[in-house]
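Chain and residue survey
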Amino acid sequence: MIRDPTALDQEFDLLVVGGGIYGAWTAWDAALRGLRTALVEANDWASATSSRSSKLLHGGLRYLERGDVGLVRKALVERERLLRLGPHRTWPLHFVVPATPGARYRGLPLALGLWAYDHLAPPGLGERRARPWTGHEVLGAAPFLHPGTTSAWTYGDAGTDDARLVLELVDGVLRAGGVAVNGARVTRLVENQGRIAGAEVACDGRNSTVRARSTVVCAGPWAAQVAGLDPGSVRLTKGIHVALPPLPVAGPWATEDTAFLLNHPTDGRVFFLIPWYGMTLVGTTDTDTTDPHEGVTEGEIAYLLAGVAAACPGLGWGRGDVRSAWAGVRTLLAAQGHASAISREWSLVRRPGLFASLGGKLTSARIEAERIVDAVEDDLGRPRTPSPTRTQPLPWCPTLPWPDACAEAIRHGQAWGWSPARSLTALRRHGQRLGTLWLHLEEHPEDANLLHPDLPLCRGELALAAQNMLLPGQDPLARTPVGLLVGNDVSRGTAQPEAGPGPGG
Ligand SMILES: Cc1cc2nc3c(=O)[nH]c(=O)nc-3n(C[C@H](O)[C@H](O)[C@H](O)COP(=O)(O)OP(=O)(O)OC[C@H]3O[C@@H](n4cnc5c(N)ncnc54)[C@H](O)[C@@H]3O)c2cc1C
């Protein structure tokens, strides 16, 4: 990846503001359709919400509970598409919903909900379909659950590495001939004859005007501000995650891809235990905020730990087991009621020459980016091009069929004494670029050692992360699992998201 701010000094068909998941999908889709596209990000790629999600590609069982059938259907179609187009970046997760004492999701309503969830997804789920288990069976596989667990259902969803997905899409923008520059903050939109005609951008101590026939603001929590919309058009809510040790699951159906959906004993809210890079992510919370930089509080950590203790007393996790904690901020379309009850729908606001993306989900960002680029093509008076991202494999998708790519990675990893699981983690991170890591290790064999004893990443990955880093002076590990899982210890006072952008400084 080459960072070239001077490339912004030309006229574009489309300027995309914000390098989170919405900006990255929009810019990749547009560049593939042949639009002259620029993507600018104030801070680092995925430095805001898009590295702080629960990392799920899911329809959302709880949205179904609220009757958001259209939203769930859209997300399930995208989940299946992304599993197909990016087997390295997305992976199936097997969720267990145990009927622990007091669990709200259980019995016939749960069975019906999961039946609907499976049937809203495209056909072909196979073994990923929901199915029931007896209390004996589930306690055999997850003995840490409350001993009063009477039964369970399992169902299929999917996981990803959100920040890595963004980085991969940004690389796709560059490969498709677009311009992508981080550390480039939009300070003001530029107007010409009643139409937005680009933006002023501050980058590397220099201010310049990026001229564009159409501008799309995908600035997440800052979108309303950057696009000059009424701040009341969105509602910001904070969600935290904590990283805890791996789950000691055992049994023929419980594997390292087994996750848990639980209800919190105090308010019945859904929260998850999700395996990620050998650790367990527990989250999330949902509280109103006005500050996109708000950090994690001890009370929020205690809330999540209390939820785990009630359903999974056998884990015995306490504050001392928390390796890391971080907060992210959702941008929701303004509505009354409890934060958890507000729809996760997405909306596109239009002004002459300007579009603003508000709300949405990591899972559905691609289809919504497709709609943004459709709208931009209409705005530019171009005939609509079918969206290439509907069918195009992700930029780093291995060229070999996925089972062959896995076998190849495992074979290479054996030369370094790696377990198959560790080699597959490397394949998931690097995709078709894994060869670069093998070449690096041949030259620097000492870099095959683990970067951190608890994480399946080697030192060579740090070297590659530094090479791919586009923003001088930033921590190359910040957006890697190392940065999140061991670098955000609230007890050391670093749990605040790093200083984010905000328009105009
Ligand atoms: C706790 C939590 C858990 C979630 N879990 C899930 C999940 O499991 N699955 C799911 O599908 N969704 C999930 N979501 C939702 C999902 O993460 C968001 O919908 C998505 O990340 C939003 O992406 P975005 O691109 O709109 O915003 P962001 O990722 O916030 O990106 C906006 C970018 O704009 C940049 N920017 C801001 N101002 C400027 C400026 N002036 N100039 C240039 N750049 C600027 C910012 O630096 C930022 O990088 C979760 C959200 C939260 C908070």
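Reference entry: report on the structure contained in this document. Please read these numbers as outputs of a predicted model, since none were measured by experiment.

Rules used in this analysis
Residues numbered from 1 in each chain as written. Predicted model: local features only at pLDDT ≥ 70, side-chain atom pairs only at ≥ 80, totals over all residues. Heavy atoms only, no water. Helix = DSSP H or I, 4+ residues; strand = E, 2+ residues; numbered from the N terminus. Rg over C-alpha atoms; globule rule 2.2 N^0.38 Å. Buried < 20%, exposed > 50% of the residue type's maximum accessible area, 1.4 Å probe, protein only. Areas by Shrake-Rupley, 256 points an atom, 1.4 Å probe, with all protein chains shown as cover. Lys, Arg positive; Asp, Glu negative; His and termini not counted. Charge placed at Lys NZ, Arg CZ, Asp CG, Glu CD. Salt bridge = Lys/Arg side-chain N within 4 Å of Asp/Glu carboxyl O. Near = heavy atom within 4 Å. Polar contact = N/O pair within 3.5 Å; in protein donor to acceptor, adjacent residues only side chain to side chain. Contact = heavy atoms within 4.5 Å. Pairing = 2+ DSSP bridges. Phe/Tyr/Trp six-rings, centres within 6.5 Å; stacked < 30°, edge-to-face > 60°. Lys NZ or Arg CZ within 6 Å of the ring centre and 35° of its normal.

A few words on the overall build of the protein chain. A tally of helices and strands in the protein chain yields 14 helices and 20 strands. Taking 505 residues into account, the globule formula puts the C-alpha radius of gyration at 23 Å, and the protein chain, at 22 Å, falls close to it. Taking the principal axes of its C-alpha atoms as reference, the protein chain extends roughly 70 × 60 × 45 Å. Among the 505 residues that make up the protein chain, the fraction classed as buried is 60%. Of the roughly 19,100 Å² that the protein chain leaves accessible, carbon and sulfur atoms contribute 55%. In the protein chain, which carries 49 positive and 51 negative side-chain charges, the distance between the mean positions of the two groups comes to 3 Å.

According to the stated counting rule, one finds 36 salt bridges in the structure shown. Between R366 and E78 there is a salt bridge, with its nearest N and O atoms 2.9 Å apart. Here E78 lies in helix α3 (residues 69–85) and R366 lies in helix α9 (residues 365–379), a separation of 288 residues in the sequence. Its relative accessible area of 1% is what places E78 among the buried residues. Salt-bridge contacts for E168 lead to R89; the nearest nitrogen and oxygen are separated by 2.8 Å. Here E168, found in helix α6 (residues 162–175), pairs with R89, found in the loop between α3 and β4 (90–98); they are 79 residues apart in sequence, far enough to count as distant. You can call E168 buried: its relative accessible area is 0%.

Our focus in this paragraph is the site of the ligand. Not every one of the 40 residues close to the ligand is listed here, only the nearest: E41, S50, S54, L56 and T363. Here an oxygen atom of the ligand sits 2.5 Å away from a polar atom, N or O, in the side chain of S50. Separating a nitrogen atom of the ligand from a backbone N or O atom of L56 is a distance of 2.7 Å. Among the secondary structure elements, those contributing two or more residues to the shell around the ligand are α1 (21–32), β2 (37–41), β8 (184–192), β11 (234–244) and β16 (324–333).

Looking at the secondary structure, you find A448 in the loop between α12 (434–443) and β19 (450–452). A448 sits 83 residues away from A365 along the chain, and the two C-alpha atoms are 35 Å apart. Apart from the residues within four sequence positions on either side, A448 is in contact with W416, W418, R422, L441 and C458.

Looking now at helix α11 (residues 420–430). If you check which residues of α11 are buried, you get R422, S423, T425, A426, L427, R429 and H430. At the C-terminal side of α11, G431 shows a positive phi close to 55 degrees.

Here is the key point about a regular strand: its side chains alternate between the two faces of the sheet. Summarising burial for strand β14 (residues 279–283): five of the five residues are buried, a large majority. Neither face of β14 is left uncovered, since the one carrying M279, L281 and G283 and the one carrying T280 and V282 both have all their residues buried. As paired strands, β11 and β14 are joined by four bridges and run antiparallel to one another. For H241, the partnering residue across the bridge sits in β14 and is G283. Remark: two residues form the turn of the hairpin made by strand β13 (residues 270–276) and β14, two consecutive strands paired antiparallel; Y277 in that turn has positive phi of roughly 45 degrees.

Looking now at the packing of aromatic side chains. Within the structure shown, the criterion is met by seven aromatic pairs. For the pair F95 and F272, a centre-to-centre distance of 5.5 Å together with 65 degrees between the ring planes defines the contact as edge-to-face. With F95 in strand β4 and F272 in strand β13, the pair connects residues that are 177 residues apart, well separated along the chain. Residue class for F95 comes out buried when judged on its relative accessible area of 0%. Ring plane angle 90 degrees and centroid distance 4.7 Å describe the contact between W276 and Y277, whose orientation is recorded as edge-to-face. Y277 carries the same exposure label as W276, and that label is buried. Here the aromatic residues F95, Y117, Y155 and F272 are joined through ring pairs into a cluster of three or more. Above the face of the W133 ring, R131 is positioned so that its terminal group lies 3.6 Å from the ring centre. Against the face of W396 rests R433, its NZ or CZ located 3.9 Å from the ring centre.

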